[in-house]
Amino acid sequence: MKVLLVKCHKKTIFSKIEPIITEPLELEYLATILNKDRINYRIYDQLLEGKSFHEVFHEYLPDVLILTGYITAVEVIIAHSRYAKDKNPKVKVVVGGVHAEVNYQDFFADTIDFIVHSDGLNGLQQLLNINFDLEQAVMIKGIAFKKKDQWQVNEKRVTNTAEIPLPDRSYFNKYKHRTKYMNYSPLAIVKTALSCPYQCNFCYCKMLNQGIYSTRSIEAVVEEIEKIDAPYVWIVDDSFLLDRNRILQFIGMVKLKEVKKKYIVYSRVDFVANNEDLIEKLASIGVIEVIVGMEAVEDCQLENFNKNASAYENIRTVEILKKHNITLTALFIAGINFTSSDFRNMRRWIKEMALESYTVSIFTPIKGTSQYKDYEEKIQVKDYHKIDFLHLTLKPEKISKLRFYMEFYYIYVEQFFRSKYIRRFVLKNIKEMFKGGGHLE
Ligand code: SF4
């Protein structure tokens, strides 16, 4: 049996300079399962290899095709499944990943055989055990499958984080020179927990693992990091800085084992604002950047998001991270009710705080979140590739679409001229494009 594992992507307007390219971690986890069963496989991620899916499919001729991707890649995933079935009707097509976990119905297509909608590692292992036999598929929790043109959805399964093996990073080691987060490269990504215990109403991440926050042991996490052959490690938990004791344990273990890496982590503002002593310690073990979901600059807007954090904590976060020489990347949301003056307030706040690195997303209700139901009837754009937080999917409530887009993109133009951090990154990448370096398209 030959298995082709594919990470699917849809390009955005930022794809020319591709600020972030990471290893396909979920596929490297699946690789450990295939290694154990001595099954031949090949991982393919177009952002890392540059080849087209069609080329790779023809070269490899798989018996099983596994496709994953985010919400923007739904159409790409379905197109790849069609292509594969057209070229070889016998190929088994399996879809997984974070979008399939909550919105598995989006993949009820003629050219897809199985959808793994929870506990992906276990789901693949079980499918291998039954050799993708439809008669036995009814026994496997966490999957949906098509039998006689009818989709059957089996019960969900929660992942036991204690059972998660270390990922096989052979693919990363081959292509790590192409991985990056802004100016940091090579860069590995590490996941230490699933889901999030907070209840921000716009958030998709907290819906994963059936909304159950579950952590890996710090011993296993540090063991994984120690083995990574790259200077930068991005901990991609939806929020890594959550539990004070767990973070103290992480700091202690990294020191004890003398692990020398530079880290990028996600945090909430309340953690940074209320744990300055830990931020100092994190800086001392190599944390160089903290990405923080600030969302809004006013308390009333934060309350609307059920964020459970305050505008004052946003300010304290900026001050504390600056004091300890940690780069802050702040994430904001431009509300659908924004007026030009709301955009101005946000820009003014960013300027007053002297933020260099930040992104603003257009408010987008994501299918599966509690907010989606409130907006469902008003959603005007349903093409998945446009659900990238850079397109309006709802009609702005107080200004025209054109005005909204102008105000929105002005934030990025201003950032380019104001921020050395961003300018250095953009100019370096433009230079590389002209030199023909990399494989930017
Ligand atoms: S936005 Fe952040 S803190 Fe809120 S639920 Fe999502 S991951 Fe958790």
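Residues numbered from 1 in each chain as written. Predicted model: local features only at pLDDT ≥ 70, side-chain atom pairs only at ≥ 80, totals over all residues. Heavy atoms only, no water.

Trainee: So what's going on with the nonpolar core? Which residues, and what values?
Mentor: Ranked by internal contacts, the top residues of the largest apolar core, which has 72 residues, are F250, Y263, M294, F332, W349 and L355. In this structure, F250 is in contact with I218, V221, V222, I225, I235, F240, Y263 and I285, ignoring residues within four places of it in sequence. Grouped together as the second largest cluster of nonpolar side chains are 48 residues, A31, I33, L128 and Y184 included. (Core = buried A, V, L, I, M, F, W, Y, C linked by side-chain atoms within 4.5 Å. Buried < 20%, exposed > 50% of the residue type's maximum accessible area, 1.4 Å probe, protein only. Contact = heavy atoms within 4.5 Å.)

Trainee: Tell me what's going on with unusual backbone geometry, and back it up with residues and numbers.
Mentor: Note that the residue after S185, namely P186, is joined by a cis bond; omega there is -10 degrees. In this fold, P186 is placed in the loop between strand 9 (180-181) and strand 10 (187-190). Unlike most non-glycine residues, E295 shows phi in positive territory, near 65 degrees. As for its position among the elements, E295 is in strand 15 (residues 287-295). (Helix = DSSP H or I, 4+ residues; strand = E, 2+ residues; numbered from the N terminus.)

Trainee: Lay out helix 3 (residues 53-60) in plain terms, naming residues and giving numbers.
Mentor: Among the residues of helix 3, F53, V56, F57 and Y60 are the ones counted as buried. In an axial view of helix 3, the angular spread of the buried residues amounts to 100 degrees, which keeps them on one side of the axis. Within two residues after helix 3, L61 carries a phi angle of roughly 45 degrees, on the positive side. (Arc of directions from axis to C-beta.)

Trainee: Could you give an account of the state of the cysteines, naming the residues involved and the relevant values?
Mentor: Taken as a whole, this structure holds 0 disulfides when the rule is applied. C205 provides the cysteine sulfur closest to C8, a residue in no disulfide bond, and the two sulfurs are 20 Å apart. In this structure C205 is not part of a disulfide, and its nearest cysteine sulfur, from C203, lies 4.1 Å away. By relative accessible area, C205 is classed as partly exposed at 28%. (Disulfide = S-S within 2.5 Å.)

Trainee: Go over the domain arrangement of the protein with me, naming the residues and quoting the values.
Mentor: Domain boundaries in the protein define domain 1 (2-153) and domain 2 (179-434). The distance between the C-alpha centroids of domain 1 and domain 2 comes to 28 Å. Taken together, the contact pairs 25 residues of domain 1 with 33 residues of domain 2. In this assembly, domain 1 packs against domain 2 so that about 2,400 Å² is buried in total across both faces, 67% of it on carbon and sulfur atoms. (Domains from an automatic or database assignment. Buried area = accessible area lost by both parts, 1.4 Å probe.)

Trainee: Mind laying out the side chain of K85, listing which residues take part and the relevant values?
Mentor: Position of K85 among the secondary structure elements: in helix 4 (residues 74-87). Those residues in contact with K85, other than ones at most four positions away along the chain, are V91, V93, T111 and D113.

Trainee: Help me get a handle on the site of the ligand, residues and values and all.
Mentor: The local shell around the ligand consists of C196, Y198, C200, F202, C203, K206, D238, R268 and K307. For the shell around the ligand, a count of residues per class yields 5 nonpolar, no polar and 4 charged. (Near = heavy atom within 4 Å. Nonpolar A, V, L, I, M, F, W, Y, C, P; charged D, E, K, R; others polar.)

Trainee: Now, about the packing of helix 10 (residues 244-256) against helix 12 (residues 276-284): what can you tell me, with residues and values included?
Mentor: At their nearest, the axes of helix 10 and helix 12 sit 10 Å apart, and the two run at 25 degrees to each other. With respect to each other, helix 10 and helix 12 are oriented roughly parallel. For the element pair helix 10 and helix 12, the recorded crossing hand is left-handed. Across from R244, I247, L248, I251 and K255 in helix 10, the residues of helix 12 making contact are D277, L278, K281, L282 and S284. Its residues assigned to classes, the contact of helix 10 with helix 12 shows 5 nonpolar, 1 polar and 4 charged. (Axes fitted to C-alpha atoms, helices over the stretch in contact; angles between N-to-C directions. Parallel < 35°, antiparallel > 145°, perpendicular 65-115°, else oblique. Left-handed = near helix turned anticlockwise from the far one by under 90°.)

Trainee: Kindly report on the sheet that holds strand 17 (residues 357-362), identifying the contributing residues and their values.
Mentor: Taken in spatial order, the 6 strands make up an open sheet running 10-13-14-15-16-17, and their pairing is parallel. The open sheet has two free edges, formed respectively by strand 10 and strand 17, since each of these has just one partner strand. Adjacent strand axes in the sheet meet at a mean angle of 20 degrees, parallel and antiparallel pairs treated alike. Taken together, the 4 bridges between strand 13 (residues 232-235) and strand 14 (residues 262-267) define a ladder with parallel strand orientation. Looking at the pairing, Y232 lines up with K262 of strand 14. (Pairing = 2+ DSSP bridges.)

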